[in-house]
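Residue-level structural notes
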Amino acid sequence: MESLKWSSVVSPGLPCKPSYKKPSKTKQRIQVRSSSRVQPDPWSLSDGNDPTKPKPRSKNPKNPLSDDNARRIIKGKAQYLSVLRRNQGPRAMTPKWIKRTPEQMVKYLQDDRNGHLYGRHVVAAIKAVRAMDENVNVRLVMSSFVAKLSFRDMCVVLKEQKSWRQAANFFAWMKLQLSYRPSVIVYTILLRIYGQVGKIKLAEQTFLEMLEAGCEPDEVACGTMLCTYARWGRHKAMLTFYSAVQERGIIPSTAVFNFMLSSLHKKSFHGMVIDLWRQMVDKGVVRNSFTYTVVISSLVKEGLHEEALKTFYEMKNTGFAPEEVTYSQLISLSTKNGKWDEALKLYEDMKCQGIVPSNYTCASLLTLYYKKEDYSKALSLFSEMEKYKIAADEVIYGLLIRIYGKLGLYEDAQKMFEETEQLGILGDEKTYLAMAQVHLNYGNVGRALNVIGVMKSRNIWFSRFAYIVLLQCNVMKEDLGPAEVAFQALSKTGLPDAGSCNDMLNLYIKLDLTEKAKAFIGQIRKYQFDFDHELYKTVMKVYCNQGMLIAAKQLTEEMGKNGSFKDNKFIQTFSITMHGEYIDHEQNGDKLVASSKLDSMALGMMLNLYLIDGNFSKMEEILKLLLETAGGSSVVSQVISNFIRKGDISKVKILYNQLMKLGCRLEDEVIASLISLYGKQQRLEEAQDVFKLVVDSSRPGKLILKSIIDAYAKCGKAEEAYSVYKEATTKGQDLDAVAISILVNMLTNCGKHEESQIVVRKSFQDSLDLDTVAYNTFIKAMLGAGKLHFAASIYERMLSLGVPSTIQTYNTMISVYGRSRKLDKALEMFNTARSLGCPLDEKAYMNLISFYGKAGKTKEASLLFSEMQEEGINPGLVSYNIMINVYAAAGLYNEAEKLFRVMQRDGFSPDSFTYLSLIQAYTKSLKYSEAEETINSMQKQGIPPSCSHFNHLLSAFSQAGLITEAKRVFKELLMAGLSPDLACYRTMLKGYMDYGCVEEGIDFFEQVRESIKQDKFILSAAVHLYKYAGKELEAKNILDFMSSLRIPFLNNLEVGLKIKPL
C-alpha cells in the first residue's frame, strides 16, 4: 500500500531505530579507490580528493560518514526513484528511501544485499513464495526460512507478492512463526493485496480478524478498506464503512477522500459526491486540485450554479490552477442558466491563463452567442478555432448550420451540412434537424423532407423533437395524411406540445376541414392538453367562426383560472366581454380606458361569434366597443371581408347596415370586395346601390371604380361600364391599369371596337401608368378589331417606355404581323423572344407555324414543328391539327397521314377538325375514295361530320366535273341529317354553271330557293342560267328582286366556262 510508510509507523514487533553512536577507532573504514584513467559514474564513491567535487558546506554540519560521498549517493538515487514512482502512477512499487546512520550504512554495505533493496534471504523468500503452486505445502517450501526471517522481513515478503492466493498462504505460514506479532501493518498489507484484485469478502474477513486480534485499525488500514470499496464500485458498503470510521474518530486522508469522490463521480452519484465533499470541508481535510475538479464537476451536473462558482473561486484563491474541463463545465452551466455574462467572464479568465479551449467549450460558447443572437462573435469564435487548430465536432457544425440559417446564409448552411457528411461525423439527429429547419425557414419543404428521409434511411433514432419538425414540414406542405401520421407518432412519445397542436389545427383550417378541426379540438380538450396563447387563439377562431358560444365560454373560463394568463390582453378581453364587465366601465364614464385595455382582434372574433349565433344586441355592443378601440375599424373591415370571401352576403348586409346606422364608412378595399361579390352573384342592382351610396357621400377611389366596372363586365353590361368610365374621366378621375384592362377586354368581346379604341387612345393621352397586362390587352383588342397598324404602334410605344414584354406579348405580335402578311416581322418577334431568354411555349411555335402554312411555306412550318419537339415541348391535339392542316393546304396527304398516325400513337384521339384537314389533304390530291372513307371513319368513331367535311368533297367533284358524284355526296349530306349551308349551295351551283348543266342547275336553284339567304353569287348564277336557257322573264324577276334589295349583280360569271371545246 502506497500510503504505508515505515518511517511513520512503529509496531511492537519491529526493532526500534538504533541510536546514533560515534564510530570507534578500531573499526575499519571501507576504502573504494577510483582509477584516474576511468571517469567515475554518478553513483560511485569518491576518495574525497577530487577537486571538482568539493565537500559542500552545511549550515548544520552532520556527523562524519564512513565515506564523505555516501550521502550524495543516497540522495541521488532517492530522487531518481521518486521521479520513477511519479511516472509510474499510483501503483508504483518502487520503495521510498529512509535515512540511515553511519553505522547502519556500514552494515548496509557489509550486508549481502549488494546494493539491492532487500537482503538475499528476503529476496530468496519472495521468489520461493511466488513460485508456489496452489497444491504445494507452504510449510515445506518455507521450511528453510524458519527462524531466518524477522517480522519485518516477513512483512516485506508478504508485501512483494503478486498473487492473492500466495499472499494468503504465506500469511497463514507467517502467523505460525515465533517472530510474528499481530500488527495493523501486516493486516493493512494483506487488505491492500485483496483490494487490488477485488476480493472484497476476503478483505472484510481479514479486517474482522484484525479486530479480533486486538489490532486497532488506523487511518491507513481504514483508508485501504475504503479505497477497496471505491475501486470496485461497492458504494453502499463504502459509505456504511465510512460511517463506522467516523464513529471511531478516524479522518481519512485527502487521497482516500479523492478516491471515494472519484468513484462516486464515475457512477454519476453527484449528490453523494456533494454530501461527501461537505463532510470533508466540515472536518477540515486539506483539498487538492483533483478534489476541487471532481467536486465542481458534480456541482455542475447537479445544476448548482452558485455553489459551483463559489467552489471554483475558492480553488483559485487556494492557489490551484483549474483545468480546461472545469472552465468548460462552468461555461456550459452558465449558458444553460442564462448567466451569459458569467460565462463570458469565465472564458476571458480562461484565455488569460493561456488555456486553449476544447471543442466542447467552443460548442457552449457558440450556443451562448446563438441564444444572444450575437452571430458575428460566433463566427469570430469559429475563426479562432481554425487558428488554434481546434477540431470542430458535429455539435459545432450543427450550431453553425443554425447560425448561418439565422443570418440568411442559406448556401453556407447547406455547404456546412455537406462538409459534416464528408468528414464522416454526421450521425446525430440534431444536425439533420438543424438543416431541415433551415430548409423549412426558407420555404424549401421538399428539401427539408429529403433531409428527414435520409435520416430515417440511416436508422437514426427519431426523438420527440424530430417528430415535431416532421409535423411542421407536412403542415407547411399542406399534406394532411403524413401530417396526421407524424402527429400520431408524436403522441406516442407523450402529450403533444401546444405548438404542434396549433400547427395541426391550422392545417385543418387551411384545408377547410371544419369537422375535423372540431373533432381535434374535442380530443385536446378531452385529454387536457396544455394550452398556450397561440393555441387558445386558434381554438377560439374555430369556435367563433362556427358560432360555438357555449364552448367558447367554457374554454375562456378555464383559461381565466390559469394565473399565468392574467396579464394576457387577448384572453382577458374574452373573459371581460363575455361576462359583461366592460359595461361597468361605461357607467363610470371611463369608456376609453376600458377600450384601451381590450384586444381588437379578440373583439373582432367575438363580433363574428355573436353575429353567427344571432345575438344581434350583443353584436351591436361589441361593434360599438370595437369602433372605439385602436385599430378597431380595420378589424371590422376584416370581419366583413371574411364573410365576403365565404360569399355569405346576409351577414355582410347586417354589418354593413349597422355601420351605416352608426355613421361609419368602410374601407375602400372592403367596399370594392362587396361590389365584386354582388357582381359575381349577378346581383347588379345591389352592387349599383352600394356604388351609389359611395358616390353620394364621397368621391369613389380607384378600387371602387375598378370593382363596379368588373361587376358590369361579369353581368355583360358593357354600355354601363363604359358610362362609368366616361363619367369618371369627365370628373378628372383616373382608373388604374387593371380597370382599364377589364374595360377594354369587355368592350372587345362585346364587339364595341370603336369604344375600345377610344379608351386605349384616351389612356395614352392621359399618360396613365400602364403595366404589361394592360398593353397586352390593348394589342389583343386592336388585333380583334382589325387595327393591325395601331396594334403594332402600341407595341412600339410599349418598348419605348421600357415596359417588359411577356410570352403573351410576343404571341399576340406574331399574330398581328402574321395577319398583316409580314412573316419576316413575325419571325423577328419569335427570334426576339428566344434571344431575350423568354421561355417559348407551344402556342408561340404553333402561331408562327400556322402563318407559315397560310403563306404556303410548308417546309419552314415542318422544320419549326420539329424544332419545337427538340426543345422538349410535346405537341398537343391543337398543335397536331394545325400541322396536319398545313400539310393538307399544300396537298401533302402522305405527310398528313404520317402525322395523323403519330398523333394517335401519342395518345390523342382525332376530333372533327383533324378529320376535316385530312379530307382536305385527300381532295387536294384527288384521293376521292380516301376522303369518303375518312368521312365514314369519323362517323364510326361517333364524330358527326359537318357541312364543311362534305363541302370539301363536293368542291373536289365539282371542280373535276364529276357532277353525278357531287349530286350523290349532296344526297349523303342530306341523309346524314344536315342542313346544307351556303357554301354547299354555292359549290353545287358553281359546278352546274362551270360544266353547262343548265337544266340541272335551274332545277337545283328552284329546289333550294326557299332555303338560301340573299346571296349575290347564287342569285347572279341563277340569272345567268335562266338567260342561257332563254328564260328571260325568270331572269328579269330575279334581277328586279336583287335590285330592290340592293344586292349587286355579278356580270363576270359564265355558263360552261370549264367545258373543253371540241
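These numbers were taken from a predicted model, which means no experiment stands behind them. (Residues numbered from 1 in each chain as written. Predicted model: local features only at pLDDT ≥ 70, side-chain atom pairs only at ≥ 80, totals over all residues. Heavy atoms only, no water.)

1. Here we look at the overall build of the protein chain
Under the convention used in this document: Secondary structure elements follow DSSP: runs of H or I no shorter than four residues count as helices, runs of E no shorter than two count as strands, and numbering proceeds from the N terminus. Any residue under 20% of the maximum accessible area for its type is buried, any over 50% is exposed, and the rest in between are partly exposed; the area is computed with a 1.4 Å probe on protein chains only. Note on contacts: a residue pair qualifies if any of its non-hydrogen atoms lie within 4.5 Å across the two residues. Calculation of accessible area relied on Shrake-Rupley with a 1.4 Å probe; when residues are assessed, cover is drawn exclusively from the protein chains displayed.
If you tally the helices and strands in the protein chain, you get 57 helices and zero strands. Residues counted as buried form 45% of the 1062 residues belonging to the protein chain. Look at the contacts in the protein chain between residues 6 or more apart in sequence, and 63% of them connect residues 24 or more apart. Of the roughly 56400 Å² of accessible surface on the protein chain, a fraction of 51% belongs to carbon and sulfur atoms.

2. Quick word on a negative patch on the surface
To keep it simple, the criterion reads: Grouping into patches uses exposed residues only, defined as over 30% relative accessible area, and leaves out salt-bridged ones; the cut-off is 9 Å for like charges and 5 Å for nonpolar side chains (Val, Leu, Ile, Met, Phe, Trp, Tyr). What makes a salt bridge here is a side-chain nitrogen of Lys or Arg within 4 Å of a carboxyl oxygen of Asp or Glu, nothing more. Positive charges come from Lys and Arg alone, negative charges from Asp and Glu alone, with His and the N- and C-terminal ends not counted. For the purpose of locating charges, the reference atoms are NZ of Lys, CZ of Arg, CG of Asp and CD of Glu.
A cluster of acidic residues, E999, D1003, E1006 and E1034, forms a negative patch on the protein surface. Sort the elements by how many residues they give to the negative patch and helix α55 (residues 998-1008) lands first, with three residues. Checked against the element boundaries, E1034 lands in helix α57 (residues 1032-1044). Classification of E1034 by relative accessible area gives partly exposed; the value is 34%.

3. Notes on the packing of helix α54 (residues 982-994) against α55
Here is the rule we go by: Note on method: axes are straight lines fitted to C-alpha atoms, helices fitted across the in-contact stretch only, with angles between N-to-C directions ranging 0 to 180 degrees. Roughly parallel here means an angle under 35 degrees, roughly antiparallel means over 145, roughly perpendicular means 65 to 115, and every remaining angle is called oblique. With the far helix as reference, a near helix turned anticlockwise by less than a right angle produces a left-handed crossing, and one turned clockwise produces a right-handed crossing. The residue classification treats Ala, Val, Leu, Ile, Met, Phe, Trp, Tyr, Cys and Pro as nonpolar and Asp, Glu, Lys and Arg as charged. All others, Gly included, are polar.
Interhelical geometry of α54 versus α55 gives an angle of 155° and a closest axis separation of 8 Å. Comparing their axes, α55 and α54 come out roughly antiparallel. Where α54 crosses over α55, the two elements pack in a sense that is left-handed. Contacts from Y985, M988, L989 and Y992 of α54 reach α55 at E1000, G1001, F1004, F1005 and V1008. When grouped by side-chain class, the residues that make up the contact of α54 with α55 number seven nonpolar, one polar and one charged.

4. A look at the side chain of S756
Looking at the secondary structure, you find S756 in helix α41 (residues 753-765). Since its relative accessible area comes to 0%, S756 is described here as buried. If sequence neighbours within four positions are ignored, S756 has contacts with V744, L747, T748, A781 and M782.

5. Quick word on the environment of R165
For R165, the position within the fold is in helix α6 (residues 164-174). Between the C-alpha atom of R165 and that of E134, which follows or precedes it by 31 residues, the distance is 7.6 Å.

6. Here we look at the confidence of the model for the protein chain
Under the convention used in this document: One number per residue, pLDDT, summarises how confident the predictor is, and it ranges from 0 to 100.
Per-residue pLDDT for the protein chain averages 83, and the proportion of residues at 70 or more is 89%. Scored below 50 in pLDDT, residues 1-51 makes 55 contacts in the model with residues more than four places away or belonging to other chains. In the model, residues 581-593 has pLDDT below 50 throughout and makes eleven contacts with residues more than four positions away in sequence or in other chains.

7. Observations regarding helix α5 (residues 151-159)
Burial runs high along α5: eight of the nine residues are buried. Taken together, the buried positions of α5 are occupied by F151, D153, M154, C155, V156, V157, L158 and K159. In this structure, the buried residues of α5 make contact with α3 (120-130), α6 and α7 (184-197).

8. Comments concerning the packing of aromatic side chains
Where two aromatic rings form a pair, the distance of their centres and the angle of their planes describe that pair. Let me state the cut-off plainly: Here is the rule: rings of Phe, Tyr and Trp (six-membered ring for Trp) pair when centre to centre is within 6.5 Å. Planes less than 30 degrees apart are stacked, more than 60 are edge-to-face, and the remainder are tilted.
All chains considered together, the criterion is met by 36 aromatic pairs. Measuring from centroid to centroid gives 6.0 Å for Y292 and F320, while their planes differ by 45°, and the two rings are tilted. Of the two residues, Y292 sits in helix α13 (residues 289-301) while F320 sits in the loop between α14 (305-318) and α15 (324-336), which places them 28 residues apart along the sequence. Given a relative accessible area of 2%, Y292 falls into the buried group. Ring geometry for Y775 against F778: centres 6.4 Å apart, planes inclined by 65°, an arrangement best described as edge-to-face. A residue pair is termed a helical-turn pair when its members lie 3 or 4 positions apart in one helix, as Y775 and F778 do in helix α42 (residues 772-785) at three residues. Neither residue differs from the other here; Y775 and F778 are each classed as buried.

9. Thoughts on the environment of I452
Structurally, the position occupied by I452 is in helix α22 (residues 445-457). Sequence separation of I452 and V469 is 17 residues, and the distance between their C-alpha atoms is 8.9 Å. Not counting residues up to four positions away in its chain, the partners in contact with I452 are A436, F462, V469, L470 and C473.

10. Observations regarding the nonpolar core
Generally speaking, soluble globular proteins have nonpolar side chains that are buried together. Note the following rule: Among buried residues, the Ala, Val, Leu, Ile, Met, Phe, Trp, Tyr and Cys ones that are joined through side-chain atoms within 4.5 Å form a nonpolar core.
In this structure, M174 and F574 are the most contacted members of the largest nonpolar core, which totals 318 residues. Among the elements that line this core, the one with the most residues is α7, at nine residues. In contact with F574, not counting residues within four places along its chain, are Y536, M540, C544, T556, A602, M605 and M606.

11. Let's talk about unusual backbone geometry
Even without being a glycine, S268 presents a positive backbone phi close to 65°. Mapped onto the elements, S268 comes out in the loop between α11 (254-266) and α12 (270-282). In the Ramachandran plot, D512 falls in the positive-phi region, its phi being about 60° despite a non-glycine side chain. The residue D512 is located in the loop between α25 (498-510) and α26 (514-526) in this model.

12. Quick notes on the pattern of salt bridges
In this structure the tally under the stated criterion is 27 salt bridges. Among the salt bridges present, the one from E686 reaches R683, with a minimum N-O distance of 2.6 Å. K731 is the partner of E727 in a salt bridge, and the nearest nitrogen-oxygen pair spans 3.4 Å. Of the residues examined, E727 reaches a relative accessible area of 42% and is grouped as partly exposed. Sharing partners across several salt bridges, the network here consists of E932, E965, R968 and E972.

13. Quick notes on the environment of C997
Along the chain, the position of C997 falls in the loop between α54 and α55. According to the relative accessible area criterion, C997 is buried, its value standing at 18%. Residues C997 and V1055, 58 residues apart in the sequence, show an inter-C-alpha distance of 8.5 Å. Among all residues touching C997, those that are not within four sequence positions of it are I963 and Y992.

14. Side note on helix α45 (residues 823-835)
The test is simple: The span you would expect from a helix comes to 1.5 Å times its residue count less one. Relevant arc is that of directions from the helix axis to the C-beta atoms, nothing else.
Its 13 residues give α45 an end-to-end C-alpha distance of 18 Å, which sits within 8% of 18 Å, the value for a rise of 1.5 Å per residue. Residues L823, A826, M829, F830 and A833 constitute the buried set of α45. Down the axis of α45, the smallest arc covering the buried residues is 120°, so these residues share one side. Among the exposed residues of α45, those oriented more than 90 degrees off its buried face are D824 and S835. Taken together, the buried residues of α45 touch α43 (788-800), α44 (807-819), α46 (842-854) and α47 (858-870).

15. Regarding the packing of α41 against α43
Contact geometry of α41 with α43 gives a least axis separation of 13 Å together with a crossing angle of 25°. Relative to α43, the element α41 is oriented roughly parallel. Of the two possible hands of crossing, α41 and α43 adopt the one that is left-handed. In contact with Q757, V760, R761 and F764 of α41, α43 contributes F790, I794 and R797.

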